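# Coordinate inspection notes
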Amino acid sequence: MPHDLPKAYDPAAIEDHWAEYWVREKLFAQPTPTAADTAGQAGQAGQAGQGESFTMLLPPPNVTGNLHMGHMFEHAESDIMVRWRRMCGDRVLWVPGTDHAGIATQMLVERQLTTEGKSRQQLGRAAFVERVWEWRRHYGGAILGQMKRLGASVDWQREYFTMDERLSVAVREAFVRLHEQNLIYRGAYIVNWCPRCQTAISDLEVFHEEQKGHLWEIRYPVVSKSGKDTGEFLTVATTRPETMLGDVAVAIHPEDERYLHLHGKKLRLPLMDREIPIILDEWVSRDFGTGAVKVTPAHDPNDFALGERHNLPSINIMDVEGRINADGGSYTGLDRYAARKKIVADLEELGLLAGIKDHVNNVGHCDRCKTTVEPRLSTQWFIKIQPLAEKAIAAVKPDAQGNKAIRIVPEQYEKVYLEWMENIHDWCISRQLWWGHRIPAWHCANCHQMTVAREDPTACAHCGSDKITQETDVLDTWFSSGLLPVSVFGWPHITEKNRGDFDAFYPTSLLVTGFDILFFWVARMIMFGCWFSGDVPMPDGSPRSLADSVPFREVYIHALVRDANREKMSKTKGNVVDPIEIVKQYGTDAVRFTLASMASPGTDIAFNVARTEGYRAFANKIWNAARLLFMNVDRAAEIGITVDPAALGGMPTVANDAPLEARWIVAEIHATAAKVNQSLENFRFDDAANTIYQFFWGSFCDWYLEIVKLRLDFSEDADKAQTKAALTTLVSVFEASLRLLSPIMPFITEELWHAVYDGNPPAKSIALAGYPMGDEHLDHAALVDMGALQSLIVEIRALRKEIGVEEKASTPIEVRIDAGMRSVLNENSTIVERLARVSELRIVDQITAGLSKHSTFSFDVAVIYERTVDIAAERERLTKDIAKYEKGLMSAERQLGNESFLEKAPAKIVEGLKKQEAEMRMLLEKALAALENLNKGS
Ligand SMILES: [Zn+2]
Ligand SMILES: [Zn+2]
């Protein structure tokens, strides 16, 4: 039978089906346009893919990742934008992919090896890298599989992996080009070194945690010019005594009066028996510790700067695993913490330990493996970032006309971005890993020069020697992901023949991402995008301006998803909400709607399952509305009435002389659609969701469906034209509502939309149908008139409740109404009669005295009801209620009046009490009024 929907809405059943259908049918594939396509006609709603390009890149999740709530939120917002633009007629492309995630993936595979009793060193580099690829082939697709199930409307034909051949070519070209431009150099630099991962990690990958530690005070003997101890000591304080093995000086403030006599003197470094100078530097704080600072340039960034200023040598005393190396005297071979212990003991024995104080340290840890990071001097590769940063600043700063090549939303992040970019340091791009893009540089053992090349060289470019070996470092993962906007569309090989993608999709339109990768990724894409795409001419051959070089025109920074108590979700706290579990319970649509409805820009989301439950009920309501609608469609068909398919698919229209509710619901959906489009334009996902919710649940289900039943007469002597018109409005508004909701709830709308068309829809998917574009000023009169009727019905319903009219009883009413509204009421009396259970509508000049009435600006209304209640019993009930309410009110007031209670009580409890107080007062007043009424009447 047509339109045969299962009785109960079961998201699991429909979602799996459609998710699989969308992928199988390649519905969201966006082929490379031809030149004629890109010359482009304006978009036409309903013909998805014919209009302007709307391109987005999915922030690539780590290949090791599993979908968490943050992803789900990001994907929901992105998918809403993408589905909306697609339905608006744009040529939409959303590109998915995964990131090879250097450190994370290498660590994961290393752990696997450990359980097998092996190490990567045993395997060797080539075998280890092969092992990682193998891991990736088996497990790397997990997160994309989850995305498929959740219906992300990406183009799966264009899925990339940052280690793919074609993207690796781009990485290599970018490196070589920057090298040719003298923007890449090697240098000794203090880096954050993770002894476990055995690589440098960026400042952004270090998290700091306060830790209880000590401040050791150590006496350094002052020596005379001839190298003899003078018997005097200079005391320094340190939190890492083992680093003293690498000390090259002690610094004091030049004006520190305590030490004026030591200017120009030398010290003997204990344990190492090395003479080191006392240097003067204004950077030293006189108030911290003893005012004398040991200088270890190879193991502290501040000391490194001091060392540079004073031309001091750097002595690195630690190896890659955090053990003391050959420069550490008798401590060589000890782990850093074992060395610390022994050094402290030895100093004590020598009488050189002046004291130990408790001290809270802010200690850096490796974000990946939690190991304490060691600042360590090492040779690294850098990008001279200044010229790239300049372009990246110009891309975001408004120009003289106030135009911005990239708009960052919410605007507050523009300042954050610019501040960071204006104070940017050279970017350390090398990592001492095996998994990643190996740096294309070859060291020559003969002339010690370096060959950087696009193709693997067989000989040194400088001396021709074949004794060359490739650099062992790989590039920072963000180097390759920073190139994505250009590399996924074919850069660097953009030729006349293959430039279709680049011309059509670059710059991308929008990036939806989180604040946490604003610097890591967003900033680097802007730097690289502006730098490298600048060389690619425009389709017409003209040079590319900065505005067309940017990787995206807009960045929307989304909020964070927190738990229901606004706490950050974390595994340690155990408050992580697993999106897959919630989806299993309530369906993807309900979870998406929850996230959208709470997503106002700049405000974090307190994810509350109760709301998801509510939106599950919303989906259910829509389901039931569809069933009711199909039941009527089928009954109409039995007497030969059908809806003309031409009435569906666009914006519903209605005859001028149609009944009020038809004109009204059509005007409503127009106004709703206009508002939703505007909200989405401004990234107000919350407004869009809530507007649709109110329309669907309130206007359509609660009002319109109730009223339209009056017009759907399927009897033999029915006015068939009237029934057909009503049915057409009903179905066309419902069909348009489904399209309106589809970007937020793609699954249920897909299912019902196919049912509306009885399995023969005009397109393969609702996602390819046109998005409703409403006229917000359509039929304002209908909105006003219907609004008046609605408020009348609401007041009658309230009155009935107050005076205790039995649910099913119909009663006469008296209405005093403005002359202007009188005819509206007369013409639509059947609506009021049906929706407010009115047996007789008496329009009067004045409400009969003694009747309890409700008054509004434009009418007074009274319900005439002969009570059949037992007055004595009713009085007793009300008296009891009044006593109960009084007690509740007093208790709330007492607590709210108690200052010391208020100080201690959580805000939630106080809020609850205030609510209780207001509620009790309202109930009490109502009960008192009812009792008074009762007494009057008897
Ligand atoms: Zn680590
Ligand atoms: Zn050479």
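Residues numbered from 1 in each chain as written. Chains lettered and ligands numbered in written order. Predicted model: local features only at pLDDT ≥ 70, side-chain atom pairs only at ≥ 80, totals over all residues. Heavy atoms only, no water.

## Observations regarding the coordination of the zinc ion (ligand 2)
How we decide: Coordination partners: N, O, S within 2.8 Å of the metal, 3.2 Å for Na, K and Ca; water not considered, so apparent gaps in a site are possible. The rule is simple: four donors are tetrahedral if all their angles sit between 85 and 135 degrees, four are square planar and six octahedral if opposite donors span more than 155 degrees and the others lie between 65 and 115, and anything that fits none of that is irregular. Exposure classes here rest on a 1.4 Å probe applied to the protein chains alone. A residue is buried below 20% of its type maximum, exposed above 50%, and partly exposed in between.
The protein atoms that coordinate the zinc ion (ligand 2) are Cys-444 (SG), Cys-447 (SG), Cys-460 (SG) and Cys-463 (SG), at distances of 2.2 to 2.3 Å. Coordination at the zinc ion (ligand 2) is tetrahedral: its four donor atoms span angles of 104 to 113° at the metal. A relative accessible area of 4% places Cys-460 in the buried class.

## Let's talk about the sheet that holds strand E29 (residues 859-863)
The condition that has to hold: Two strands make a pair as long as DSSP finds a minimum of two bridges between them. Secondary structure counts use DSSP, requiring at least four H or I residues in a row for a helix and at least two E residues in a row for a strand, with both numbered from the N terminus. Note on geometry: axes are C-alpha line fits, over the in-contact stretch for helices, and angles between N-to-C directions span 0 to 180 degrees. The criterion used for residue contact is that any of the two residues' heavy atoms lie within 4.5 Å.
The four strands are arranged E27-E26-E29-E28 in an open sheet whose pairing can be described as mixed. The open sheet is flanked by strand E27 (838-843) and strand E28 (853-855), the only strands paired with a single partner. Along the sheet, successive strands turn relative to each other by an average axial angle of 20°, direction set aside. Summarising the sheet, strand E26 (residues 811-817) and E27 pair through five bridges and their orientation is parallel. Within the sheet, the bridge partner assigned to Pro-812 lies in E27 and is Glu-840. Set on the sheet, helix H25 (residues 780-802) makes contact with E26, E27, E28 and E29; between it and E29 the angle comes to about 35°. Its contacts with the sheet put helix H26 (residues 819-827) on E26 and E27, and the angle it makes with E26 is roughly 150°.

## Brief notes about the environment of Asn-316
Going by this rule: Identification of polar contacts relies on pairs of N or O atoms within 3.5 Å, with a donor-acceptor requirement for protein atoms, meaning one able to donate a hydrogen and the other able to accept it, and with residues adjacent in sequence counted only if both atoms are side-chain atoms.
Tracing the sequence through the fold places Asn-316 in the loop between helix H9 (301-309) and helix H10 (336-349). The sequence separation of Asn-316 and Ala-459 amounts to 143 residues, and the corresponding C-alpha distance is 33 Å. The contact partners of Asn-316, leaving out residues within four places of it in the chain, are Ala-298, His-299, Asn-325, Asp-327, Arg-376 and Leu-377. Within polar-contact distance, the side chain of Asn-316 engages the backbone nitrogen of Met-318 at 3.0 Å.

## A few points about the packing of helix H20 (residues 609-638) against helix H23 (residues 720-741)
As a reminder of what qualifies: Comment on the angle field: the value is read as roughly parallel under 35 degrees, roughly antiparallel over 145, roughly perpendicular from 65 to 115, and oblique elsewhere. Note: crossing handedness is left-handed where the near helix turns anticlockwise from the far helix by less than a right angle, and right-handed where it turns clockwise. Residues are sorted three ways: Asp, Glu, Lys and Arg are charged, Ala, Val, Leu, Ile, Met, Phe, Trp, Tyr, Cys and Pro are nonpolar, and all the rest, Gly among them, are polar.
Remark: H20 packs on H23, axes separated minimally by 11 Å, with the N-to-C direction vectors making an angle of 150°. On the basis of the axis angle, H20 is roughly antiparallel to H23. When you trace H20 past H23, the crossing you get is left-handed. Along its contact with H20, which presents Phe-618, Ile-622, Ala-625, Ala-626, Leu-629, Asn-632, Val-633 and Ala-636, the element H23 presents Leu-727, Leu-730, Val-731, Phe-734, Leu-738 and Leu-741. For the contact of H20 with H23, a count of residues per class yields 13 nonpolar, one polar and no charged.

## As for helix H21 (residues 660-681)
Defined as follows: Here the expected span of a helix is defined as 1.5 Å times the quantity of residues minus one.
Taking 1.5 Å as the rise per residue, H21 with 22 residues should run 32 Å; its terminal C-alpha atoms sit 31 Å apart, in good agreement. H21 sits mainly inside the fold: 18 of its 22 residues count as buried. Looking one or two places after H21, you find Phe-683, whose phi comes out positive at around 60°.

## Here we look at the coordination of the zinc ion (ligand 1)
For the zinc ion (ligand 1), the protein coordination sphere consists of Cys-194 (SG), Cys-197 (SG), Cys-366 (SG) and Cys-369 (SG), at 2.2 to 2.4 Å. Taken together, the four donor atoms coordinating the zinc ion (ligand 1) span angles of 101 to 116° at the metal, a pattern that classifies the geometry as tetrahedral. Donor residues binding the zinc ion (ligand 1) come from one chain and are separated in sequence as C-x2-C-x168-C-x2-C.

## Some thoughts on the sheet that holds strand E6 (residues 199-201)
The strand order E6-E5-E14-E16 describes an open sheet built from four strands, whose pairing is antiparallel. Looking at the sheet topology across the chains shown, the edges are occupied by E6 and strand E16 (427-428). Sheet topology places strand E14 (residues 374-383) next to E16; two bridges connect them, and they run antiparallel. What sits directly across from Ile-383, in E16, is Trp-427.

## With respect to the packing of aromatic side chains
Let me state the cut-off plainly: Pairing of aromatic rings covers Phe, Tyr and Trp, the last through its six-membered ring, and needs centres within 6.5 Å; plane angles under 30 degrees mean stacked, over 60 mean edge-to-face, and all others mean tilted. In this scheme, Lys NZ or Arg CZ marks a charge over a ring once it lies within 6 Å of the ring centre and within 35 degrees of the ring normal.
This model, assessed by the stated rule, comprises 40 aromatic pairs. The residue whose ring lies beneath Arg-85 is Trp-84, and the NZ or CZ to ring-centre distance is 4.7 Å. Over the aromatic face of Phe-161 sits the side chain of Arg-136, whose NZ or CZ is 3.9 Å from the ring centroid.

## A word on empty space enclosed by the protein
Cut-off, in case you're wondering: Points on a 1 Å grid over protein atoms alone make up a cavity when a 1.4 Å probe fits among them but cannot get out, and a pocket when they form an open set with protein on both sides within 12 Å along at least five of seven lines; lining residues each have an atom within 4 Å of a point. Grid points are joined across faces, edges and corners, and a volume is the space filled by probe spheres set on the points.
What the rule picks out here adds up to four cavities of 30 Å³ or more. Volume-wise, the largest cavity comes out at about 80 Å³. Elements supplying a minimum of two residues to the lining of the largest cavity: helix H3 (69-87) and helix H19 (588-598). It is H3 that provides the largest number of residues to the lining of the largest cavity, a total of four residues. Residues belonging to the lining of the largest cavity are distributed by class as follows: five nonpolar, two polar and two charged. Estimated volume of the second largest cavity: approximately 40 Å³. Counted by class, the lining of the second largest cavity contains seven nonpolar, one polar and one charged residues.

## Describing the pattern of salt bridges
Our working definition: Put simply, a salt bridge is a Lys or Arg side-chain nitrogen that is within 4 Å of an Asp or Glu carboxyl oxygen.
Per the counting criterion, the structure on display carries 57 salt bridges. Between Arg-842 and Glu-840 there is a salt bridge, with the nearest N and O atoms lying 3.3 Å from each other. The exposure class of Glu-840 is partly exposed, given its relative accessible area of 37%. By sharing partners, the salt bridges in this structure join Glu-173, Arg-177, Glu-180, Arg-454 and Asp-535 into a single network.

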